[in-house]
Structure formats: C-alpha cells, structure tokens
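Observations on the three-dimensional arrangement
Residue strings, one per chain:
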Amino acid sequence: MYKVGVIADIHGNIEALEAVLSYMEEAGCDEYLLLGDYISDAASPRETMDRLYKLMDAYPCTALRGNREEYMLSQKRVREGREIGPVWIPGSGSGSLLYTYERLNQRDFAFFDSLPITFLYESRVEGLPRIRCCHGSPDNARHLLQIGAQDTCDELERADADYLIAAHTHIQGSFSRNGKLYMNTGSLGLAIDAPGYAHAIILSCNTGDEVKKRWEPEFLEIPYDVNKAISKMFTTGFYDMAPWFVNNNIHTLRTGIDVTPILVESAKKLKIEAEGEDNWPDIAEMYYEKAAGELGMPNYAEVVVTADAAEARSRAQKKLPVIGVCIAGNYSDFDGVSYVTDDMDVSDDYKRLVLARCYSFPYTIAETPRTIIRETVPEDLDEFIPIYEDEYVRQFVEPLYSYDEEKAYLEDYRKNVYSFFEYGMWSVLDKKSGKIIGRAGLEPKGEYAELGYVLDSDYRGRGIAYEVCSAIMDYARRELAGLEISARVDKENYRSLKLLNKLNETLEADRKIRVEYTQKKES
C-alpha cells in the first residue's frame, strides 16, 4: 500500500501542522503533496515554513503556490517598486499579512516564486493513477471549487486525470462525476465546521498487480491544542497588529464559523458610507468592530467586568474572559466564574491576568529596561538546561529533574501554582532578543515566599539580577501586600549576598527580605 499525505491551508498554525504530520508519519505516508496557503492568519508563519522545509528534507514532496503566497510575492514587488499597489500597514485591513511578511526570509520568497499554481502528480511508483492538484483551480489560485458546484463539475470534466484535488474553500469533502473524483482537503489550520480539529487527506493505493489501481482517500480530522494556537496570537504581538481581523480568526478557531469575507466587505462598506471611499487597507478599527457586532461576533480580547451574575456565568460557560463583581455578598450566584471581586474598579493588570488565564498563555509579570519577566511554560525547558548545567550555578542551585519529569513538573506548576497563588518562579527573557536568560521569582513556602534567581553566565555581572529582583519585589509590594519575603543564600555565594544587601537598602523597613544563610555541602 502506497500512501500520500495531502495538506493545504495551514495558515501559519504550527500546532495543527505538527499534529497532522505526527499522524501522517505514524500512518506511514511515503510522500506528501503541499497545496498552498502555508502562511498568514495564525501566529506562527516562521515556525510553519521551517517545519515544511524539514518535511521536504525528509520525504519526497511536491508543492504548489496558494493565494497567500501570491500576496506575499506581490507585496515584495510593490515594496521594491516593481509593481503598483498598496503597502501593507498595521490594522485589521492588512496587519495580519504584514505580520507574516515581516517574518519571511529570502529562502521563503525564492521558494514561493519557484512554485506553480497547479501540477499533475505522477507517482514514483509505476502504474499508480495520476492526480491533478491545485489550490483554487488549475487556472486561478483564488478560484473556489465548492463541493458539487457547477464550475467544480466543469473543472473535473476538463481535468487531465481521473482525480482532481483542490483546497482554498476550507471545507473538506468529495464527489464523483462520470468516473472522476473531486476531493477538497479542507483547511489544516482554519477548518470550517470543525473547531479544535485540523483537516487533511491521506491517499492510499494498492501497488499489487492483481487489482485495478485506484486512490482511496482518508479524510482526516485531527485534534490539536487550539488554545495554544490562540494564546500565541496574544503573546507574539499578532493580535496587536490586526485586532479585529485576528479576533475573527480566533472566532473561526473557537467555533468553526468563518465570516471573514463578510467582515471585510462590511467594514469597507461602512467606511464608504461614512467617508465616501474605503481606501483599503487604511480602514479604522471602529468599522471592523461595528461589522463584527452586526455579525454577533464577540470581542475575544475584552475582559468584561460585570455585577450581573447571569451574564458572568454565561461568559464563563462560553470560556470568554470575565470578572464577576459581587456587591451584595452572594458569591454563590457566581458559581463557575473563576474570578470574582467586590469592587467594580478593576485594574488593567488584573484584566490582563484574567485574559491570560482564559486563553492559557503566560502572564507577563513585569518589564525592566533590559528584560521581560513572564510565567514559565514547558517549552522553556530546552533553554533552561544549559543555564542549570553551568558549573557556577551547580554549586548553589538544585539540578533539574530528568527531561520528561521536569517538563511534566513545569506543566503541573503552571496549572496549579500560578492559578492558586498568582506568583511563583518565572522565566526571564532578554527584551531585545527574546532569548531566555534565566529564572527568577517567589517560591510559595506556606506563610511566606522565597525569593530566588538564576542567570545565564553571559548575563552575570551586568546588574541584570538586581534589575530583575527589584521588579519582582515591586510586584510583591503591589500585588502581594502582607506576604513576607525571605531568601536562602550560601555564605560563599558572594554575588547573591551583595545583591540581597543592595535590595534591602532600597526597601522599606516592613518589606525587607529576611535572609537565611546556608552552607553548601562538601563534595
């Protein structure tokens, strides 16, 4: 049995892509057909392209260009003065495209430029049926060949093979006509009518001589971590680049309903009515917001603060960010609502925390001039390992568990410690490069918390530890009033002793760090 994996419309959704490729590789796919729209609309275009290159290095792959790749090439020509057209700008009009464009490299553009919009697949195994492949249609990457539509029937009749495969519609399915079979992959990254699932196809053909050879499709619907894909939209800056367009994409991921064309056209129409022209992509967010409201689309980034218990419970059931305000003391009315307060005056920091908890992305604790301090995620482990293996660090800091044990520990820590205490040990990132340079934070110890930190060797002796620990103590003063902070430090750890003394010199008398001195064991 010869197997071919067919994927299309990834749209930068690396979580969905990894899930599908894992399934296909385990199923024993011998080669792959890649049918376009690899990037744009989700937050991981760079990771997606790198994963596809890795796939192409490992397996025979035949690829074509989708309309999203055509957009990228066209914008490149515009910016180089070789084509007339609008330059993409931040905002829901073109910000999603711009976000993707800025993360592509020369290899990507050369790859896109080398691709056809259609190809006739002929297997390396002699005698297997040929397949005409395209993204939209064989003549137009933007043509929508819907299941059973007349123009799809006409294309199938004209096809120079008994099989025609297309994508672009984001709707999976097939139909036959006069002995020919049309198949649509659906969308791997933004599947319609399948929230939380990725669509693709595996084609199988018996290679034996005793039977007539024909391709049998297995239409895949593979589950993946959709919350992780959504969380990246907030943490990578993608949402900020195109708020309402990305909100629309979150809506598709959450519900399986895609109203993108209606949203875009409605926003243009609203601007024309108000200003006389649409002037795309320069369309104000208020027009997209109004269009989304008319479509009944919620603002997934809005943290609603409400004293209406029924409204709070309804949003919580829909897994939308909400803070209930219990003024009368009837907390039972807010059962099922994770965040309830008795004050309508909710800080922006608290709203950001609730948003992070709702979509399971790491909450940013603080930013310093040179660093970002945020909650740790299991994916940080690979960058922690060399820090903890440093000879100096090993003198004073407990080693990590085994790789799998540490990863499980970090996941459990994230789910339990952060959500219960709202503090813990966090990751420290270099603000400029985004590289993880250490860990720091407050470890819960019953009635008090213990300050701790560890830094990569390249970042020691530059005042960064003091910068980070000062920000942590400021966070404790603001958010953890009354919590006693202590620190255990080895008598020979002169750097940490100096740091603690300097911190205590700046802190008020009732906020000073209680220092416990230890002695490292003789080796």
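Residues numbered from 1 in each chain as written. Predicted model: local features only at pLDDT ≥ 70, side-chain atom pairs only at ≥ 80, totals over all residues. Heavy atoms only, no water.

Details of the sheet that holds strand E11 (residues 304-306)
Note the following rule: A pair of strands counts as paired when DSSP detects no fewer than two bridges linking them. Under the scheme used here, helices are H or I runs from DSSP no shorter than 4 residues and strands are E runs no shorter than 2 residues, and both carry numbers assigned from the N terminus.
Overall, parallel pairing links the three strands, which are arranged E11-E12-E13 in an open sheet. This sheet does not close on itself; its edge strands, each paired only once, are E11 and strand E13 (340-341).

Side note on the sheet that holds strand E9 (residues 197-205)
Think of a sheet as strands paired side by side through backbone hydrogen bonds, with each pair either parallel or antiparallel. We apply this condition: Lines fitted to C-alpha atoms define the axes here, with helix axes fitted over just the stretch in contact, and angles between the N-to-C directions of these axes take values from 0 to 180 degrees.
Across the sheet, which stays open at both edges, the five strands sit in the order E3-E2-E1-E9-E10 with mixed pairing between neighbours. Whereas interior strands pair on both sides, the edge strands pair on one side only; in this sheet they are strand E3 (61-63) and strand E10 (216-223). Across the sheet, the mean angle from the axis of one strand to that of its neighbour is 20°, orientation sign disregarded. Of the pairings in the sheet, the one linking strand E1 (residues 2-7) to E9 comprises five bridges and is antiparallel in character.

Section: the environment of leucine 156
Heads up, the rule is: Only protein chains enter the accessibility calculation, which uses a 1.4 Å probe; a residue is then buried when its area is under 20% of its type maximum, exposed when over 50%, and partly exposed in between. Here, two residues are considered to be in contact whenever any of their heavy atoms come within 4.5 Å of each other.
Looking at the secondary structure, you find leucine 156 in helix H6 (residues 150-158). Assessed through its relative accessible area of 0%, leucine 156 is described here as buried. Counting along the chain gives 243 residues from leucine 156 to proline 399, while the straight-line C-alpha distance between them is 62 Å. Those residues in contact with leucine 156 that lie beyond four places of it in its chain are Leu164, Phe175, Arg177, Lys180, Leu181 and Tyr182.

Quick look at the pairing of strand E5 (residues 131-134)
Moving residue by residue along a regular strand, the side chains alternate between the two faces of the sheet. Here E5 shows a buried face lined by Ile131 and Cys133 and a second buried face lined by Arg132 and Cys134. Summarising the sheet, strand E4 (residues 118-121) and E5 pair through four bridges and their orientation is antiparallel. Looking at E5, one finds that threonine 118 is bridged to cysteine 134. Relative to strand E6 (residues 163-166), E5 runs parallel, the two being bridged by two bridges. Bridging across to E6, arginine 132 finds its partner in leucine 164.

Re empty space enclosed by the protein
We count it as follows: The distinction between a cavity and a pocket rests on a 1 Å grid over the protein atoms alone: a 1.4 Å probe fits inside a cavity but cannot get out, while a pocket stays open yet meets protein on both sides within 12 Å along at least five of seven lines, and a residue with an atom within 4 Å of a point counts as lining. Grid points are joined across faces, edges and corners, and a volume is the space filled by probe spheres set on the points. Polar here means any residue outside two lists: the nonpolar Ala, Val, Leu, Ile, Met, Phe, Trp, Tyr, Cys and Pro, and the charged Asp, Glu, Lys and Arg; Gly therefore counts as polar.
This structure, assessed with the given rule, holds one cavity of 30 Å³ or more. In this structure, the largest cavity encloses a volume near 40 Å³. Of all the elements in the fold, those that place two or more residues in the lining of the largest cavity are strand E17 (436-445), strand E18 (448-455) and helix H17 (464-479). When residues of the lining of the largest cavity are assigned to their parent elements, the largest contribution, four residues, is made by H17. Residues belonging to the lining of the largest cavity are distributed by class as follows: nine nonpolar, no polar and one charged.

Some details on the pairing of strand E7 (residues 173-177)
In terms of strand pairing, E7 meets strand E8 (residues 180-184) through five bridges, oriented antiparallel. Counted as the bridge partner of arginine 177 is lysine 180 from E8. With antiparallel pairing between neighbouring strands as the criterion, E7 and E8 make up a hairpin whose turn holds two residues, including asparagine 178 at a positive phi of roughly 50°.

Structural notes on the layout of surface pockets
When its volume is computed, the second largest pocket comes out at roughly 1,800 Å³. Contributing to the lining of the second largest pocket are 50 residues, with Phe396, Val397, Glu398, Gly452 and Tyr453 lying nearest its centre. Put simply, the parts of the chain that give the lining of the second largest pocket at least two residues each are helix H15 (391-396), helix H16 (403-421), E17, E18, H17, strand E19 (484-490) and helix H18 (494-506). Residues belonging to the lining of the second largest pocket are distributed by class as follows: 24 nonpolar, nine polar and 17 charged.

Examining the packing of aromatic side chains
To keep it simple, the criterion reads: In summary, the pairing rule links any two rings of Phe, Tyr or Trp, Trp by its six-membered ring, whose centres are within 6.5 Å, and it sorts them by plane angle into stacked for under 30 degrees, edge-to-face for over 60 and tilted for everything else. Working rule: Lys NZ or Arg CZ, within 6 Å of ring centre, within 35 degrees of ring normal, means a charge sits over the ring.
Enumeration according to the criterion identifies 21 aromatic pairs in this entry. Ring geometry for tyrosine 53 and phenylalanine 111: centres 5.8 Å apart, planes at 80°, overall edge-to-face. A residue pair is termed long-range when its members are at least 10 positions apart, and tyrosine 53 in helix H2 (residues 45-58) and phenylalanine 111 in helix H5 (residues 106-114) qualify at 58 residues. Each ring, one from tyrosine 339 and one from tyrosine 350, has its centre 6.1 Å from the other, and the planes form 75°; the classification is edge-to-face. With a gap of eleven residues between them, tyrosine 339 in the loop between strand E12 (322-325) and E13 and tyrosine 350 in helix H13 (residues 348-359) connect regions that are remote in the sequence. The buried category is assigned to tyrosine 339, whose relative accessible area is 13%. Clustering of aromatic rings is evident, with ring pairs tying together Tyr38, Tyr53, Phe111 and Phe112. Residue placement shows arginine 107 over the ring face of tyrosine 53; its charged tip is 3.6 Å from the ring centre.

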